[in-house]
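# Commentary on secondary and tertiary structure
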Amino acid sequence: MRTFDVVIIGSGIAGGLLARQLRLTCPDLGVLVLEAAAAIDDYKVGESTVEVAANYMVRKLNLGTYLYQHQLPKNGLRFFFDSPGRDLPLPRMSEIGSDHMPFHPSFQLERARLERDLVAMNRASGAEVELGAKVVDVAIDAGGRHRVVYEQGGERREVACRWVCDASGRRHVLWRKLGVKVHKETRLNTAAAWARYRGVAGLDGVTDPAWRSRVRHTSRHLSTNHFMYDGYWIWFIPLAGDLEGTANADPRPALMSVGVVFDKDRIGEGSGAALPGPRTRAEFERFLGAHRAARDLLEGAELEDFQAYAHLPYHADRYFSTDRYAVTGEAGAFTDPFYSPGSDFIATANEFITQMILADVRGDRSGFEERVAAYEAYYRFKYDSTLRLYERMYPVFGSFELYRLKYLLDFNNYYNLVVWPFMADRVTDVGWIREELRFTDLVLRALSTMGEHFSALASDLRARGEYHAQNEGRFANGLNGVAQLQTRLGPSIDEGFRREQVDRAYGSVFAALVERRLGERSLSDRARLVAELKLPQVLVFRDITPERLSRLLERLGERMTRELRDEFPDAGVERINLGAAGEVAVVGPAEGTKVHAEVLSRARALWDASAGSLAHVAL
């Protein structure tokens, strides 16, 4: 019987990247990858990567040159908003996106090609990769060697190993064999349908000069493009080449991945929606055809293949074990494809698995057990926090006004709280993880609270007939919320700056929500107000009502009163009254006197001072 240090079940992106990381990190490890498919040529979604996954592939796996030469660089995330009738031409749709390539790279992946290339790379590095090898049994021996049985070419084969890592995706090979429960998520009820089209001109095929110059002629085609609607979104993602590879002189046009993700409670069966969510190829084509922008982009294109998932999110009871087995990628959990977090989960799990294996190989039993416990807890937290990010988001998607604020908060938190620790290699540091887990309840409450506020404002705007009010002719630079992080992200973390950014992001966005919810037009960029709305204060501000705002303004007025008494000790200042619409009143000095005018002028200057709110920053 052949013996290996690690057997990886599946040679998709999760398993292929894990094998590469293990061989690069510890070349003495014997690694066997068992892939059920005889040839890697199937179409997989999950083409869009974001910054954590890209940093992992470039910095940890030395794939930067490969990605730039054989895949597509990604021009960030881009969002478009439509009229209630879904009939706006693309140049008239409001847009959130950048006018230049983002400062940290990410990529659009043609998955089949990447996975084939990883097979070749891993074999060249000394890993064994067996195709057409279907795992049929796994026996875990906590005190000795595990056994993995697979069928290949009509023969039954068996190997022994110290570690088993499952990267088999939704087949959940290891968990099915071990009886570990995989739970269908009920907090988010989403489904998806998608296809590849050949011959899509792409967004850069739109030649409107004003529209092109608005983003300084940067390539919108290279972005992950989202068309946003109440309860669902449509993606357009370009792919490099096709399944035959660049060596083939096939002159056919390149492929475009196009898909729909929808909340079944809002547009699925039984929702009563006029446009039900697509489940079949015919329904999918009809669904896209009901949207002018999608219809225009797909004119003359050929649908090549189609797939669908009836339900997207799920999680498992376990991810990592001290009995030397682990899962990565969709073999463990999945939340939602919005914001493209799937490859980030792969990067995190693979980092954890590599560190656990290294600790085990070193014979550091206590360190190994500490890592398993910390990584398991953090991975559960990562799933739960990501799910709560999406849990109430689908009713917000269709409004440019609403989603602009949501994206400001989400993008800032992603760069600050997720990307930065990964780039600084804190994510595998057990001490850092323990410190982060102290704030689990705070983070989850913050996500839920803000989700409730966004959902409530969405309901308000629908009732007022204003949900789509800003969906035409607007542009917001998607980098507004993270420009201040551009030069800070790197191997060193500034914890004080990170905390300031959290408070600034929550204060900026929450002040804007208060302003819009209560119909007050002059609140959201007042420095005094935004500074007061740090994260802890936001969490106790459960209901946005005129009464709550009045109490907040009264508290701010009391503080300003104390300041002005110190600044004008002889003026007889009794009280400063602040109004939601920007009014300032001074009680004490007689009106019409010079001292009253001086105190009032100073009070107005303090109240009118700009917060530099992220909701008002323009690049």
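Here's what I pulled together on the structure shown here. (Residues numbered from 1 in each chain as written. Predicted model: local features only at pLDDT ≥ 70, side-chain atom pairs only at ≥ 80, totals over all residues. Heavy atoms only, no water.)

### Some details on the sheet that holds strand β4 (residues 77–81)
In space, the 8 strands of this open sheet follow the order β16-β12-β15-β14-β13-β4-β5-β20, with mixed pairing throughout. Here the strands that pair on one side only, and so sit at the sheet edges, are β16 (302–309) and β20 (475–477). Taking each pair of neighbouring strands and ignoring which way they run, the sheet shows an average axis angle of 15 degrees. Contacting β4, β5 (94–97), β13 (224–229) and β20, helix α12 (residues 400–423) crosses the sheet at an angle of about 10 degrees to β5. (Pairing = 2+ DSSP bridges. Helix = DSSP H or I, 4+ residues; strand = E, 2+ residues; numbered from the N terminus. Axes fitted to C-alpha atoms, helices over the stretch in contact; angles between N-to-C directions. Contact = heavy atoms within 4.5 Å.)

### A word on the packing of α12 against helix α15 (residues 495–518)
Contact pair α12 / α15: the axes reach a minimum separation of 10 Å and the direction vectors enclose 170 degrees. In terms of their interaxial angle, α12 and α15 are classed as roughly antiparallel. Across from E401, L405, L408, L409, N412, N413, N416, L417, W420 and P421 in α12, the residues of α15 making contact are F497, R498, Q501, V502, A505, Y506, V509, A512, L513 and R516. A per-class count over the contact of α12 with α15 returns 13 nonpolar, 4 polar and 3 charged. (Parallel < 35°, antiparallel > 145°, perpendicular 65-115°, else oblique. Nonpolar A, V, L, I, M, F, W, Y, C, P; charged D, E, K, R; others polar.)

### Some thoughts on the packing of aromatic side chains
Taken as a whole and judged by the stated rule, the model has 40 aromatic pairs. With centroids separated by 6.0 Å and ring planes inclined at 80 degrees, the aromatic side chains of W175 and Y325 adopt a geometry described as edge-to-face. With W175 in helix α5 (residues 173–178) and Y325 in strand β19 (residues 325–327), this pair connects stretches of sequence that are 150 residues apart. In this arrangement the basic side chain of R220 is found over the ring face of W211, its NZ or CZ atom lying 3.5 Å from the centre. When the ring centre of F345 is taken as origin, the NZ or CZ atom of K382, which lies over that ring, is 5.0 Å away. (Phe/Tyr/Trp six-rings, centres within 6.5 Å; stacked < 30°, edge-to-face > 60°. Lys NZ or Arg CZ within 6 Å of the ring centre and 35° of its normal.)

### As for the nonpolar core
Of all hydrophobic cores here, the largest spans 125 residues; its most connected members are I8, F79, F320, F338, Y339, M356 and Y403. Per-element tally for this core: the top contributor is helix α11 (residues 365–391), with 11 residues. Aside from chain neighbours lying at most four places away, what touches I8 is G15, L18, A19, L22, V31, L32, V33, L34, C165 and A167. Ranked by size, the runner-up nonpolar core spans 51 residues in total, among them A446, L552, F568 and V573. (Core = buried A, V, L, I, M, F, W, Y, C linked by side-chain atoms within 4.5 Å. Buried < 20%, exposed > 50% of the residue type's maximum accessible area, 1.4 Å probe, protein only.)

### Some remarks on the environment of L178
Within the secondary structure, L178 is located in helix α5. Considering only alpha carbons, one finds L178 and A139, 39 residues apart in sequence, at a separation of 8.4 Å. Excluding anything up to four places from it in sequence, L178 contacts I140 and Y325.

### So, the side chain of H172
Mapped onto the elements, H172 comes out in the loop between β10 (155–166) and α5. Judged by relative accessible area, which is 8%, H172 ranks as buried. A polar contact of 3.0 Å, which involves the side chain of H172, links it to the backbone oxygen of A331. Setting aside chain neighbours within four positions, we find H172 in contact with D166, V182, Y314, E330 and A331. (Polar contact = N/O pair within 3.5 Å; in protein donor to acceptor, adjacent residues only side chain to side chain.)

### Things to note about α12
In the structure, α12 departs most strongly from a straight axis at Y414, where the bend amounts to approximately 30 degrees. Within two residues after α12, D425 carries a phi angle of roughly 60 degrees, on the positive side. (Bend = angle between axes of the 7 residues up to and from the residue.)

### Some thoughts on the pattern of salt bridges
Within this structure, the stated rule accounts for 46 salt bridges. Ionic pairing is found between E95 and R214, a salt bridge with its closest N-O pair at 2.5 Å. Placement of E95 in strand β5 and of R214 in helix α6 (residues 209–214) is noted, with a sequence separation of 119 residues between them. The salt bridge involving E466 is made with R516; its shortest N-O contact spans 2.7 Å. Here R516 lies in helix α15 and E466 lies in the loop between α14 (440–464) and β20, a separation of 50 residues in the sequence. For E466, a relative accessible area of 26% translates into the label partly exposed. Where salt bridges share partners, they join R59, K60, E351 and D425 into one cluster. (Salt bridge = Lys/Arg side-chain N within 4 Å of Asp/Glu carboxyl O.)

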